[in-house]
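Geometric and topological summary
Chain by chain, the residues:
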Amino acid sequence: MLATYSSFSTGASAALNVWTNTRVLINYMIMAHDQEHNEHPYNDLPSEPALRVKALETILTRKGLIDPSALDKIIDTYQNKIGPRNGAHVVAKAWSDSNFRAALLDDANPLLAKLGYYGRQGEHIVAVENTDEIHNMVVCTLCSCYPWPLLGIPPSWYKSDAYRSRTVREPRKVLSEFGVRLPEYTTVRVWDSTAEIRYLVIPKCPTGIDGMAEEALIKLITRDSMIGCGLVKSL
Ligand code: FE
């Protein structure tokens, strides 16, 4: 992949590949971090990710294709400034405001733009709502498409072959491995993300939230519940 740089003649192609390789690098950095803190059956890490990170960063820096300080800023942005809290903010608003919820389900994008949750990897987002009858679950069977502005960087298990293939074949079994067991009468609907459409699951609202402040609601909403692989925390 890196060896092909010398053949690029246009700035656009080079810029695209720098971005692609930077994404790979950022993903490896986050994956290495995830592995340290979260052993998960769906982990699909390459061997020795820290070495791969170092190798990629060194080559891209030596070629003058990336600025390490800019990379640090990107990592900081996605780890600390953008993340599941944005998605949880949207869900909390949907739980507490029925007009907002209806508009979100109708067309999420104008509302998300107004809240400032838009940008790369989040150009077109569809909100789907979990109810007693329907449980929505999101996967990207092709790669790892995910609503970055709302949920941050995808967890490593989301990118694993096992999650991507099994979620469409046996979603209930996958859910049970995440500790989610649903009644038989609940239909599980799996949405396949693409680069054009990404999904935000609005988890089922727990009972007894009347009068609760938005901040308190946000604390109940987990990242996995907004992918459809988890439930919200109980009150
Ligand atoms: Fe994808």
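Residues numbered from 1 in each chain as written. Predicted model: local features only at pLDDT ≥ 70, side-chain atom pairs only at ≥ 80, totals over all residues.

Right, let's get into the overall build of the protein chain. The secondary structure content of the protein chain amounts to 11 helices and 4 strands. With 235 residues in all, the protein chain has 30% of them scored as buried. Of all intrachain contacts in the protein chain linking residues separated by at least 6 positions in sequence, the fraction that spans at least 24 positions is 72%. (Helix = DSSP H or I, 4+ residues; strand = E, 2+ residues; numbered from the N terminus. Buried ≥ 20, exposed ≤ 12 C-beta atoms within 10 Å, placed from the backbone. Contact = placed C-beta atoms within 7 Å.)

Counting buried positions along strand β4 (residues 198-202) yields 5 of 5 residues, so the element is predominantly enclosed. In β4, alternate side chains face the same way, and those of R198, L200 and I202 on one face and Y199 and V201 on the other are all buried. As defined by bridge partners, strand β1 (residues 125-129) adjoins β4 across 5 bridges and the pair is classed as parallel. Considered in β4, the bridge of I125 is made with R198. (Pairing = 2+ DSSP bridges.)

Another point: the environment of T222. Here T222 lies in the loop between α10 (214-218) and α11 (223-227). Residue class for T222 comes out partly exposed when judged on the 17 C-beta atoms lying within 10 Å of it. A C-alpha to C-alpha distance of 10.0 Å links T222 and L151, two positions 71 residues apart in sequence. Residues within four places of T222 in sequence aside, it is in contact with G230, V232 and K233.

Taken as a whole, the protein chain shows an average pLDDT of 84; of its residues, 79% reach a score of 70 or greater. Confidence drops under pLDDT 50 across residues 1-10; counting only partners more than four residues distant or on other chains, this segment forms 6 contacts. (pLDDT = per-residue confidence, 0-100.)

What follows covers unusual backbone geometry. Notably, Q121 is not glycine yet its phi reads approximately 70°, a positive angle. Positionally, Q121 belongs in the loop between α6 (108-115) and β1. Looking at Q121, the number of C-beta atoms within 10 Å reads 21, which means it is buried.

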